[in-house]
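Take a look at the letters that make up each chain.
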Amino acid sequence: MDLNFAGRVTRVVVVEEVSQVGQARREALSMADAIGFDEMDAGRVALAATELATNVLKHGRGGRMYLSVVCGRGGEGIELCTLDAGPGFSLAEAMPDGYSTGGTQGLGLGAIRRQATVLDAWSDDKGSVVVARIYASRAARDVDVPYGALRLAMRHEVACGDAWHLRADSQSVGVTLIDGLGHGLPASDAAQAGVAAAAERGNAAAADVIGALHAAMSGTRGGAAAVATVNVGSGSLEFAGIGNISATLCEPTTTRGLASHPGIVGVQFRKAQPFHFHAAAGTLLLMHSDGLQARWSLRAYPGLFHRHPALIVAVLQRDFDRGRDDTGIIALRLGDLH
């Protein structure tokens, strides 16, 4: 499997009144059309978006929907993620047709399950998070890639100064996250220059990718950047970072922080000294910009570690987003891409 994918900005739709259900549906259809879905597959996306948004409104006392283009094996898909402040539910109980917490027919989650390749949910006293991924009908059964990512612009901004890139081939996997200095278009320009360079570097070592980012981002305002590369055969991981990108290797009972060096990529730093680790299959690599507080711990969410990385990312963003900056997050389950 070969992947070379730069994440697009996540679209956000507030769902607090009935008219916004239609807006969520239209946004989802627009994204499906943009990636070449045919009429039938676009209809699947529209149905899932309508059901998810309706559930948020009827059962969750309002909330929001995140819409993202995702990278699968051999094709792109659409990810729909809803977050609400509702009373919560059990996914196992809510899946069969006929279950309802609000007096409706109870067809929502069952209908979504029939359209989606991936459906996962988390519910606690802060509300519910539901993630659905839909790929084209012609896609392989194992099309989904076990990663999750959000690229959210600061409130009232359209451009996002955080950006990420994911690359994989038969020998290695590479993840790059960039936080352009500041926010808005200048920060976005810096980050986009960086991910374009990452896309061209192939399976280069982490420190070499940082060097390529530095050259590409020269002349922009620069930013923080981190690169992790994993050898598929041995499980060895190389990490190099400049600036305040947080990176963590999470296992069921332990976490290891990955240290970055001071400086600004594209402007000035002394050296991108790489660090080396071993990452067993199933380890979760999670990287994020300072738009997300770094004080989170998966131990506070029993069982969440074992769920889909897209769900993990959404729950952490819900609870730890600072709310005053761009936010870039990517999580990848290592050892499951081949």
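Residues numbered from 1 in each chain as written. Predicted model: local features only at pLDDT ≥ 70, side-chain atom pairs only at ≥ 80, totals over all residues. Heavy atoms only, no water.

**Some words on the overall build of the protein chain**
The number of helices and strands found in the protein chain is 7 helices and 16 strands. Along the three orthogonal principal directions, the C-alpha set of the protein chain runs to about 60 × 40 × 40 Å. Expressed as a percentage of the 338 residues in the protein chain, the buried residues total 55%. Taken as a whole, the protein chain presents about 14000 Å² of accessible surface, with 50% of it coming from carbon and sulfur. (Helix = DSSP H or I, 4+ residues; strand = E, 2+ residues; numbered from the N terminus. Buried < 20%, exposed > 50% of the residue type's maximum accessible area, 1.4 Å probe, protein only. Areas by Shrake-Rupley, 256 points an atom, 1.4 Å probe, with all protein chains shown as cover.)

**Thoughts on helix H7 (residues 309–320)**
An ideal rise of 1.5 Å per residue puts 16 Å on 12 residues; H7 measures up with 16 Å between its terminal C-alpha atoms. The element H7 is extensively covered by neighbouring structure, given that 12 of its 12 residues are classed as buried. Regarding H7, the residues found buried are Pro-309, Ala-310, Leu-311, Ile-312, Val-313, Ala-314, Val-315, Leu-316, Gln-317, Arg-318, Asp-319 and Phe-320. (Expected span 1.5 Å × (residues − 1).)

**Here we look at the packing of aromatic side chains**
Counted under the stated rule, the structure contains 3 aromatic pairs. Ring geometry for Phe-5 against Trp-164: centres 5.7 Å apart, planes inclined by 50 degrees, an arrangement best described as tilted. In this pair, Phe-5 sits in strand S1 (residues 3–6) while Trp-164 sits in strand S8 (residues 162–168), placing the two residues 159 residues apart along the sequence. Like Phe-5, the residue Trp-164 is buried in the burial classification. Considering the side-chain rings of Tyr-147 and Trp-164, the 5.6 Å spacing of their centres and the 55 degrees angle between planes classify their relative orientation as tilted. Placement of the pair is Tyr-147 in strand S7 (residues 147–152) and Trp-164 in strand S8, with a sequence separation of 17 residues. Residues Tyr-147 and Trp-164 agree in their burial class; the two are buried. The ring of Tyr-147 has Arg-133 sitting right over it, with the charged end atom 4.8 Å from the ring centre. Across the ring face of Phe-305, the terminal group of Arg-333 is positioned such that the distance to the ring centre comes to 4.8 Å. (Phe/Tyr/Trp six-rings, centres within 6.5 Å; stacked < 30°, edge-to-face > 60°. Lys NZ or Arg CZ within 6 Å of the ring centre and 35° of its normal.)

**Brief notes about the pairing of strand S11 (residues 236–242)**
Taken across its 7 residues, S11 has 6 buried, putting it largely inside the fold. In the sheet, strand S10 (residues 223–231) pairs with S11 via 6 bridges, with the strands oriented antiparallel. Its bridge partner being in S11, Val-230 is matched across the sheet by Leu-237. Between S10 and S11, which pair antiparallel and follow one another directly, the connecting turn spans 4 residues, one of which, Gly-235, has a positive phi of 80 degrees. (Pairing = 2+ DSSP bridges.)

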